[in-house]
Amino acid sequence: MENEIAKKPKLLLVDDEPHVVENLKIRLESDFDVKTANSVDNALEMLKRTGDIKIIISDQRMKGKEGSDLLKAVSENYPDIVRIMLTGFPEYDTAYKAIKDGKVFDYIIKEGGYLNGIVKTALKAYEWYNTQKEMRMLRELAHQNSDDEVIQLEKSHGVPGLKKNLLLKIT
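None of the values given here were measured: they were computed from a predicted structure. (Residues numbered from 1 in each chain as written. Predicted model: local features only at pLDDT ≥ 70, side-chain atom pairs only at ≥ 80, totals over all residues. Heavy atoms only, no water.)

(A) Main features of the overall build of the protein chain. Check the secondary structure of the protein chain and you find eight helices and five strands. Starting at the N terminus, the α and β elements of the protein chain follow one another as α-β-α-β-α-β-α-β-α-β-α-α-α. Counting only residues that meet the buried cut, the protein chain has 40% of its 171 residues in that class. Taking contacts inside the protein chain between residues at least 6 apart in sequence as the whole, the part at least 24 apart equals 59%. Put simply, the protein chain shows about 10200 Å² of open surface, and 51% of that area lies on carbon and sulfur atoms. (Helix = DSSP H or I, 4+ residues; strand = E, 2+ residues; numbered from the N terminus. Buried < 20%, exposed > 50% of the residue type's maximum accessible area, 1.4 Å probe, protein only. Contact = heavy atoms within 4.5 Å. Areas by Shrake-Rupley, 256 points an atom, 1.4 Å probe, with all protein chains shown as cover.)

(B) Layout of the pattern of salt bridges. Applying the stated criterion to the full structure yields four salt bridges. As a salt-bridge pair, Lys54 and Asp52 come within 2.3 Å of each other at their nearest N and O atoms. (Salt bridge = Lys/Arg side-chain N within 4 Å of Asp/Glu carboxyl O.)

(C) Expanded view of the sheet that holds strand 2 (residues 33-37). Strands sit in the order 2-1-3-4-5 across an open sheet of five strands; the sheet is parallel. The sheet terminates laterally at strand 2 and strand 5 (106-109), the two strands that pair on one side only. Here the average twist between neighbouring strands, direction ignored, is 20°. As judged from the five bridges shared by strand 3 (residues 53-59) and strand 4 (residues 82-87), these two strands associate in the parallel manner. Of the residues in strand 4, the one forming a bridge with Ile55 is Val82. (Pairing = 2+ DSSP bridges. Axes fitted to C-alpha atoms, helices over the stretch in contact; angles between N-to-C directions.)

(D) Structural detail: helix 2 (residues 18-28). Within helix 2, the full set of buried residues consists of Val20, Val21, Leu24 and Leu28. Projection of helix 2 onto a plane perpendicular to its axis shows the buried side chains occupying an angular sector of 95°, all on one side. (Arc of directions from axis to C-beta.)

And the structure:
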């Protein structure tokens with residue numbers, strides 16, 4: 001069992017409502033190693049202590065600081081973590097702030113069957129995380145390796161023009 005958890009991607013769930021945390025954790029734990037925090041400060045401390053968090057799902061309205069403040073801090077200090085905003089009070093300003101400052105992957109409204117869609121959203125977020133990680137690695141390879149080595153990689157991965165395309169995208 002412990003070995004299974006080690007293989008699952010880590011997801012940090014932040015909400016100050018215990019029943020929401022418990023319901024979401026039950027839905028997510030079959031696919032993720034779910035860590036929880038009940039405040040922005042608690043979440044930031046957990047991020048410092050717990051390495052390798054791939055996804056963070058944060059409620060917007062909590063006692064003290066707002067979830068959008070947390071997601072902005074995560075965006076600035078842990079840019080590889082995929083961020084998802086969760087809210088029971090959808091407001092234009094909140095959504096705009098989360099997207100602009102927190103660079104959120106998705107904005108989920110707590111209503112109706114949102115619990116059913118959250119696992120699907122988290123799995124898509126993890127796929128996005130892996131795609132971004134792979135792109136960073138390929139960019140590094142394109143910069144570090146000789147043309148012959150990159151041509152060999154292009155052939156082995158079936159991606160002709162890889163170095164040219166990657167270098168165009170990062171300049």
